[in-house]
Amino acid sequence: MRKKIVAGNWKMNLDYSEGLALFSEITNMVKDEVTGKQQAVVCSPFIHLHSLVQMAKGYDKVSVGAQNAHQAESGAYTGEVSAKMLKSIGVEYVILGHSERRQYFHESNELLAKKTDTALANGLKPIFCIGETLEERNSEIHFQVIKDQLVEGLFHLSAEQFTKIVIAYEPVWAIGTGLTATADQAQEIHAFIRAEIAAKYDQQIANDTTILYGGSCNPKNAPELFAQPDIDGGLIGGASLKSRDFVDILKVFNA
Ligand code: PEP
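Read on for an overview of the structure. On a predicted model such as this, the values are computed, not experimentally measured, just so you know.

1. Some points on the site of the ligand
- Taken together, the neighbourhood of the ligand is formed by 14 residues, with Lys11, His98, Glu170, Gly176 and Ser216 sitting nearest.
- Measuring from an oxygen atom of the ligand, one finds a backbone N or O atom of Gly237 at 2.9 Å.
- Summarising the interface, the protein chains cover 95% of the accessible area of the ligand, which totals 290 Å² for the free molecule.
- Class assignment of the residues belonging to the shell around the ligand gives a composition of 4 nonpolar, 8 polar and 2 charged.

This is the structure:
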């Protein structure tokens, strides 16, 4: 059975003490309220990560992730952080290819393929984001855009490597806009992604791949989205900054 995951993406929000306070609320609520096998992953800015990893000890339903990592192992890349550094402090996941990184930092599928290789080589689990813009959906090229992102960003991986990947489908037009894909729209793309994985690797690997939905997900719309057969959780931006909302989304998977 594939893993159900709700990952929070704090983006560039919360100073150090605010981040620790929010994380502490989340771990306490998860301990008291989460009854299923679902996993919370909190992806904070770099400055919080070491402390969050320490605080997460003893809470096996809460993991910690970064929001980016560089493609090189090390070197003269001022201001960057490597996958090895993240691994060395106990970080488990890393978001790669978020649409904000693709848009503002011009991260291409080719670059993201390299980042994925380096993250995997250092034992990190990538949460690999894909999704179309509104223009692309309106031009009806969204399936092709998503296929290209998969093929160019991930499908060079061996089957063994691919089993470490979590995919997040995030339609760019739904991120931070309050516009959510309908459950049918999201399911259609998730089923497409799973079929592409089955065609490239095999049906078992496709069945075992966790595919998250992201884009204005909240406690109200999460139950319908997560009830879809190919939606295995969410990547949550805005609502992950409120412990109550984040944990309520996570609780959609309560047994
Ligand atoms: C995101 O940034 O990954 C995201 C889904 O943001 P929001 O939930 O705020 O739309």
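2. Things to note about helix H1 (residues 16-33)
- Taking 1.5 Å per residue, 18 residues should reach 26 Å; H1 reaches 26 Å between its end C-alpha atoms and fits that length.
- Among all positions of H1, only Gly19, Leu20, Leu22, Phe23, Ile26, Thr27, Met29 and Val30 are buried.
- The inward-facing, buried residues of H1 contact strand E2 (39-43), helix H2 (46-55), strand E3 (62-66) and helix H12 (243-250).
- Sitting at the amino-terminal end of H1 is Asp15, which places a side-chain oxygen 3.3 Å from the backbone nitrogen of Ser17.

3. Concerning the packing of aromatic side chains
- Tallied over the full model, the rule gives 6 aromatic pairs.
- Ring geometry for Phe162 against Tyr201: centres 4.6 Å apart, planes inclined by 25°, an arrangement best described as stacked. Of this pair, Phe162 sits in helix H8 (residues 159-162) while Tyr201 sits in the loop between helix H9 (183-200) and helix H10 (203-208), and the two are 39 residues apart along the sequence.
- Ring pairing ties together the aromatic residues Phe155, Phe162 and Tyr201, which thus form one cluster.
- Sitting over the ring of Tyr201, Lys200 keeps its end group 5.8 Å from the ring centre.

4. Quick notes on the nonpolar core
- Counting 67 residues, the largest nonpolar core has Leu154, Phe162, Ile167, Ile193, Ile197 and Phe226 as its most contacted members.
- Excluding its chain neighbours within four sequence positions, the residues that come into contact with Ile193 are Ile130, Ile146, Leu150, Ile167, Tyr169 and Ile211.
- Of all hydrophobic cores here, the second largest spans 12 residues; its members include Val41, Cys43, Ile95 and Cys129.

5. A few points about the state of the cysteines
- Counted by the stated rule, this structure contains 0 disulfides.
- Sulfur of Cys129: no disulfide; nearest cysteine sulfur belongs to Cys43 and is 9.0 Å away.
- The thiol sulfur of Cys217 is not disulfide-bonded, and the nearest other cysteine sulfur, from Cys129, lies at 14 Å.

Rules used throughout
- Residues numbered from 1 in each chain as written.
- Predicted model: local features only at pLDDT ≥ 70, side-chain atom pairs only at ≥ 80, totals over all residues.
- Heavy atoms only, no water.
- Near = heavy atom within 4 Å.
- Polar contact = N/O pair within 3.5 Å; in protein donor to acceptor, adjacent residues only side chain to side chain.
- Areas by Shrake-Rupley, 256 points an atom, 1.4 Å probe, with all protein chains shown as cover.
- Nonpolar A, V, L, I, M, F, W, Y, C, P; charged D, E, K, R; others polar.
- Helix = DSSP H or I, 4+ residues; strand = E, 2+ residues; numbered from the N terminus.
- Expected span 1.5 Å × (residues − 1).
- Buried < 20%, exposed > 50% of the residue type's maximum accessible area, 1.4 Å probe, protein only.
- Contact = heavy atoms within 4.5 Å.
- Phe/Tyr/Trp six-rings, centres within 6.5 Å; stacked < 30°, edge-to-face > 60°.
- Lys NZ or Arg CZ within 6 Å of the ring centre and 35° of its normal.
- Core = buried A, V, L, I, M, F, W, Y, C linked by side-chain atoms within 4.5 Å.
- Disulfide = S-S within 2.5 Å.

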